[in-house]
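Summary of structural features
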Amino acid sequence: MKKISREYAKTQLAIYKIIDSNEEDLIQILNADYIYRSGEDEGENIEYKTIYDKAVSKFLIKYFKEIVLKGVSNSYLKKLWKSSLPIMI
């Protein structure tokens, strides 16, 4: 298997997870209230007309990379990559 960076793998897997999600799930992620460690609601709402806006895409990629895939091991990333993106190996 060709070696790739951890960041690249997380980005590609985040994009895959977005594509694999249904529209209702994505809207639910976008409409969630995010609370920071301080306990305060410091989240910033993204104004968008459609879930396909560029700002929404950037937010969703960041969400999946920094929330969903945060702290996963390299071996788990590799396993997830093989099961989700086998044609890219």
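In the block above lies the structure referred to throughout.
This text gives an overview of the structure that appears in the document. (Residues numbered from 1 in each chain as written. Predicted model: local features only at pLDDT ≥ 70, side-chain atom pairs only at ≥ 80, totals over all residues. Heavy atoms only, no water.)

Next up on the list: the packing of helix 1 (residues 6-20) against helix 4 (residues 74-84). Following both chains from N to C, one finds helix 1 and helix 4 inclined at 45°, their axes separated by 10 Å at the closest point. Taken together, helix 1 and helix 4 sit at an angle that is classed as oblique. Like other packed secondary-structure pairs, helix 1 and helix 4 cross with a definite hand, here left-handed. Here R6, Y8, A9, K10, Q12, L13, Y16 and K17 of helix 1 lie close against helix 4, whose contacting residues are N74, L77, L80, W81 and S84. Here the residues of the contact of helix 1 with helix 4 sort into 7 nonpolar, 3 polar and 3 charged. (Axes fitted to C-alpha atoms, helices over the stretch in contact; angles between N-to-C directions. Helix = DSSP H or I, 4+ residues; strand = E, 2+ residues; numbered from the N terminus. Parallel < 35°, antiparallel > 145°, perpendicular 65-115°, else oblique. Left-handed = near helix turned anticlockwise from the far one by under 90°. Contact = heavy atoms within 4.5 Å. Nonpolar A, V, L, I, M, F, W, Y, C, P; charged D, E, K, R; others polar.)

Turning next to the environment of D20. With respect to the helices, strands and loops of the structure, D20 is situated in helix 1. Between the C-alpha atoms of D20 and S84, which are 64 residues apart in sequence, the distance is 9.8 Å.

Between its terminal C-alpha atoms helix 3 (residues 54-68) stretches 20 Å, which fits the 21 Å expected from 15 residues at 1.5 Å a residue. Listed as buried for helix 3 are V56, L60, Y63, F64 and K65. (Expected span 1.5 Å × (residues − 1). Buried < 20%, exposed > 50% of the residue type's maximum accessible area, 1.4 Å probe, protein only.)

As a further point, take the nonpolar core. A14, I18, L26, I29, L30, I51, V56, L60, Y63 and F64 together form the largest nonpolar core, which totals 10 residues. Broken down by secondary-structure element, the contributors of at least two residues to this core are helix 1, helix 2 (23-31) and helix 3. With near-sequence residues (within four places) excluded, L26 lies in contact with I18, S21, I51, L60 and F64. Core analysis: the second largest hydrophobic core is formed by 8 residues, L69, V72, W81 and L85 among them. (Core = buried A, V, L, I, M, F, W, Y, C linked by side-chain atoms within 4.5 Å.)

Overall, the coordinates contain 3 aromatic pairs when judged by the stated rule. For the pair Y8 and W81, a centre-to-centre distance of 6.2 Å together with 40° between the ring planes defines the contact as tilted. One end of the pair, Y8, is in helix 1; the other, W81, is in helix 4, with 73 residues separating them in the sequence. Aromatic rings pair up to connect F59, Y63 and F64 into one cluster. (Phe/Tyr/Trp six-rings, centres within 6.5 Å; stacked < 30°, edge-to-face > 60°.)

By the burial criterion, the buried members of helix 2 are L26, I29 and L30. One face of helix 2 carries all of its buried residues, which in axial projection span an arc of 100°. What points out from helix 2, more than 90 degrees from its buried face, is the exposed set E24, Q28 and N31. Considering only its buried residues, helix 2 is in contact with helix 1 and helix 3. Its side-chain oxygen placed 3.2 Å from the backbone nitrogen of E24, N22 serves as the N-cap of helix 2. (Arc of directions from axis to C-beta. Polar contact = N/O pair within 3.5 Å; in protein donor to acceptor, adjacent residues only side chain to side chain.)

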